[in-house]
Amino acid sequence: MTNTLTVGKGHDSGTLMGRKVLVTGGSRGIGAATALRLARAGADVAVTYVNGKDGAEDVVRAIEALGRRGVALRADSGDPDEAAGAVVLAAEALGGLDVLVNNAGVGVLGPLEGLAPADVERVLAVNVRGVFLASQAAAARMGPGGRIITIGSCMVQRVPGPGGTLYAMSKSALVGLTKALARELGARGITANIVHPGPIDTDMNPADGEYAAGNSALTALGRYGVVDEVASVVAHLVGATYVTGAEFTVDGGFTA
Ligand code: NDP
């Protein structure tokens, strides 16, 4: 299939050729698919990971096989210095930064009474503070045409059952952040948008896992999504020039 995003020159014509991208949490799952999708469209891509060194190195090799620059950085988004520091290192390694994809996230689900303060701190540190700090550091380095794309969740729009308090709370904060970033950065020609995946087959939410049948049944399409179905929407947003402060639901109708 021809990828129309590779056609033309310069970000305004939709090409991603030579654009410099950081994808947080890019060693597997949605982040790895996004990194590869953007590299196929011509971008140079850095990815972060925490434990998945081998996975991140595989992603870098695949990016390099496409003729693009790939960089793997170990950086825990839950650590404030590392969350911002990864942006600095990525910009240094790639020679600038045009696009930040805030993908790294943790899903801690469970009954309200069982969630400890440490769970609250960890989830907010990775899913919210890390996104804020990375976005702040990225915005400081971006010029016109810059893109901040954040991965939220369909649970912002529909919590299908008990156990989602902490995760839904954390992802909901990212909607406000995205809209506020759009207002803050619009005058500089930088856009900010958020993508809400539904059930996507990854380690976090396997399509053969305990909750899979129920999740599939809640979608209009009756199935899990695959990672590239999210990555393709992220790639579209990198090329889009008049879209900011917007939410994109990629959930097979989970929230319909
Ligand atoms: P996975 O658990 O499959 O992959 C998570 C990725 O993020 C890995 O690369 C992991 O690295 C990295 N990561 C985890 N914690 C950190 C951290 N503290 N700092 C840096 N990197 C980290 O998740 P998915 O691909 O499923 O999810 C990606 C995003 O999509 C998340 O924000 C998630 O909340 C969201 N999402 C997912 C849905 C789904 O159904 N899968 C649905 C809705 C939203 P490592 O390999 O080193 O552990």
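Residues numbered from 1 in each chain as written. Predicted model: local features only at pLDDT ≥ 70, side-chain atom pairs only at ≥ 80, totals over all residues. Heavy atoms only, no water.

Draft legend 1. Examining the site of the ligand more closely. Around the ligand lies a shell of 33 residues, among which S27, N51, G52, Y167 and T202 are the nearest. Take G25: an N or O atom from its main chain is 3.2 Å from an oxygen atom of the ligand. A distance of 2.7 Å separates an oxygen atom of the ligand from a polar backbone atom of N51. Calculation on the ligand without its partners gives an accessible area of 900 Å², and the protein chains cover 94% of this total. Listing elements by their share of the shell around the ligand, those giving two or more residues are α1 (29-40), α4 (117-139) and α5 (165-185). For the shell around the ligand, the per-class residue count stands at 13 nonpolar, 15 polar and five charged. (Near = heavy atom within 4 Å. Polar contact = N/O pair within 3.5 Å; in protein donor to acceptor, adjacent residues only side chain to side chain. Areas by Shrake-Rupley, 256 points an atom, 1.4 Å probe, with all protein chains shown as cover. Helix = DSSP H or I, 4+ residues; strand = E, 2+ residues; numbered from the N terminus. Nonpolar A, V, L, I, M, F, W, Y, C, P; charged D, E, K, R; others polar.)

Draft legend 2. How the structure looks around the environment of P160. Looking at the secondary structure, you find P160 in the loop between β5 (147-151) and α5. For P160, a relative accessible area of 40% translates into the label partly exposed. Measuring from C-alpha to C-alpha, the distance between P160 and A72 comes to 36 Å, with 88 residues separating the pair along the chain. Not counting chain neighbours up to four residues away, the residues in contact with P160 comprise M155, L218 and F254. (Buried < 20%, exposed > 50% of the residue type's maximum accessible area, 1.4 Å probe, protein only. Contact = heavy atoms within 4.5 Å.)

Draft legend 3. Examining the pairing of strand β4 (residues 99-102) more closely. In β4, alternate side chains face the same way, and those of V99 and V101 on one face and L100 and N102 on the other are all buried. When strand β1 (residues 20-23) meets β4, the two strands line up parallel, connected through three bridges. Paired with L22 across the strands is L100, a residue of β4. As paired strands, β4 and β5 are joined by four bridges and run parallel to one another. Bridged to N102 within β5 is T150. What joins β4 to β5 is α4, and the crossover it makes is right-handed. (Pairing = 2+ DSSP bridges. Right-handed = clockwise from strand over helix to strand, strands pointing away.)

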